[in-house]
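# Remarks on the overall topology
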Amino acid sequence: MQQAKSKKPPRVGDTPAVRRTLITVVLLLGALLVLAPLIVIGAQAFSEGVSVFAAAISHPDTLHAILLTVVTALIAVPLNTAFGVAAAWSITKFDFPGRRFLLVVIEIPFSISPIVAGVAYLFVYGLQGLFGPLLDAYEVKILFALPGIVLASMFVTAPFVARELIPLMQAQGRDLEEAATSLGASGWRTFFSVTLPNIRWAMLYGVILCNARVMGEFGAVSVVSGNIRGQTNTLPLHIELLYHDYQTTGAFAAASILTLIAIVTIVAKVALERRGAGRRSSRPALAAPVSKVAEKTS
């Protein structure tokens, strides 16, 4: 037995030379592709001093772009969170015709270019689009305004929460919800007392990824916003305008804000992964939720 184990062929990377080579290559590529751009952004943002950086950030157009980006995230992220939870609940807790089709629909934004999505919105809500004349008759403005930016941002980020929750909820099964229902719990009580405690970290993980994507979205928003400086420019669009206007310091100063958001997102992502979020954990909290439901419904 021991002789058979000693003859077991080595795995790829077991030899010190291969292992060191792979680690060196990964570190070099990571430094060139990730760290180097971040360092350049920080260096260029402060290249003319802190006062110039502060002036660039406090410019009215930049502040408006930041505000518009935050407002878009505050609207799009909660709506996509509600959609993701509802979609995951429907797919994992019920059997119905079209269940597989719903899964395909949720994945569509990942397979379509954001610019194509923006153009599609033009053909739906534009003046020459499907609903354009009706919206114009009632003076409802979707495109080149906040509603269009929110819709485009929601489209490209719709799958994030659902993709985190569906595998987890499938692994957990339906036993806990069925037990709570048999004890007389309503649908909402079952969700808040049983389902939500078991999915909260994965849901928050999806929310963080969704928020980061909303704030950094460029393609779809660039089509539906109209790129109106100081009115419909989100932060990524404002950075592009500054760069094309040869305002390099201002562009990098604005880009440093998105970089900071990315770093905070990574830190939050790692922290949640340590708590088990995003790992498709199949270990639900069994005892507490059902016992609480039993106490409240008895």
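For the structure itself, look to the data block above.
Read on for a plain summary of the structure. These numbers were taken from a predicted model, which means no experiment stands behind them. Each chain carries its own residue numbering, running from 1 in the direction its sequence is written. Only residues with pLDDT of at least 70 get local features here, since the model is predicted, and only at 80 or more are side-chain atom pairs given and counted; chain-wide, interface and lining totals rely on the full set of residues. Remark: hydrogens and water are excluded; side-chain values derive from all non-hydrogen atoms of the structure.

### Examining empty space enclosed by the protein
The definitions used throughout rest on a 1 Å grid laid over the protein atoms alone, on which a cavity is an enclosed set of points accommodating a 1.4 Å probe that cannot get out and a pocket is an open set flanked by protein within 12 Å on both sides along at least five of seven lines; lining residues are those having an atom within 4 Å of a point. Grid points are joined across faces, edges and corners, and a volume is the space filled by probe spheres set on the points. Counted by the stated rule, this structure contains one cavity of 30 Å³ or more. When its volume is computed, the largest cavity comes out at roughly 40 Å³. If you trace the largest cavity, you find it lined by Lys 93, Gln 172, Gly 173, Arg 174, Asp 175, Leu 176, Glu 177 and Asn 198.

### A closer look at the pattern of salt bridges
Definition used for salt bridges: Asp or Glu carboxyl oxygen within 4 Å of a side-chain nitrogen of Lys or Arg. In the structure shown here, the tally under the stated rule is four salt bridges. For Asp 95, the salt bridge is made with Arg 174, and the minimal N-O distance between the two is 3.0 Å. On the criterion of sequence distance, the pair formed by Asp 95 in the loop between α4 (60–93) and α5 (99–111) and Arg 174 in the loop between α9 (159–172) and α10 (175–182) is long-range, its members being 79 residues apart. Think of it in three bands: residues with accessible area under 20% of the maximum for their type are buried, residues over 50% are exposed, and the middle band is partly exposed, with areas taken using a 1.4 Å probe on protein chains only. The exposure class of Asp 95 is exposed, given its relative accessible area of 59%. Judged by relative accessible area, which is 26%, Arg 174 ranks as partly exposed. The salt bridge partner of Arg 163 is Glu 107, with a shortest N-O separation of 2.8 Å. In this pair, Arg 163 sits in helix α9 while Glu 107 sits in helix α5, placing the two residues 56 residues apart along the sequence. Overall, Arg 163 belongs to the partly exposed group, its relative accessible area being 37%. Every helix listed is a DSSP run of H or I at least four residues long, and every strand listed is a run of E at least two residues long, numbered separately from the N terminus.

### Re the nonpolar core
Ile 106, Leu 165, Ile 166 and Met 169 are the most contacted members of the largest nonpolar core, which has 16 residues in total. The leading source of residues in this core is α9, at six residues. In this description, contact between two residues means that some pair of their heavy atoms is separated by no more than 4.5 Å. Those residues in contact with Leu 165, other than ones at most four positions away along the chain, are Gly 84, Val 85, Ala 88, Ile 199, Ala 202 and Met 203. Counting 14 residues, the second largest nonpolar core, distinct from the first, contains Ile 57, Leu 235, Leu 242 and Ala 255. Buried Ala, Val, Leu, Ile, Met, Phe, Trp, Tyr and Cys residues form a nonpolar core when they are joined through side-chain atoms within 4.5 Å.

### Details of the layout of surface pockets
Its volume calculated, the second largest pocket comes out at about 190 Å³. By residue number, the principal contributor to the lining of the second largest pocket is helix α7 (residues 132–137), which donates three residues. In the lining of the second largest pocket, the residues fall into seven nonpolar, two polar and three charged. Three classes are used, and their members are as follows: Ala, Val, Leu, Ile, Met, Phe, Trp, Tyr, Cys and Pro are nonpolar, Asp, Glu, Lys and Arg are charged, and the others, Gly among them, are polar.

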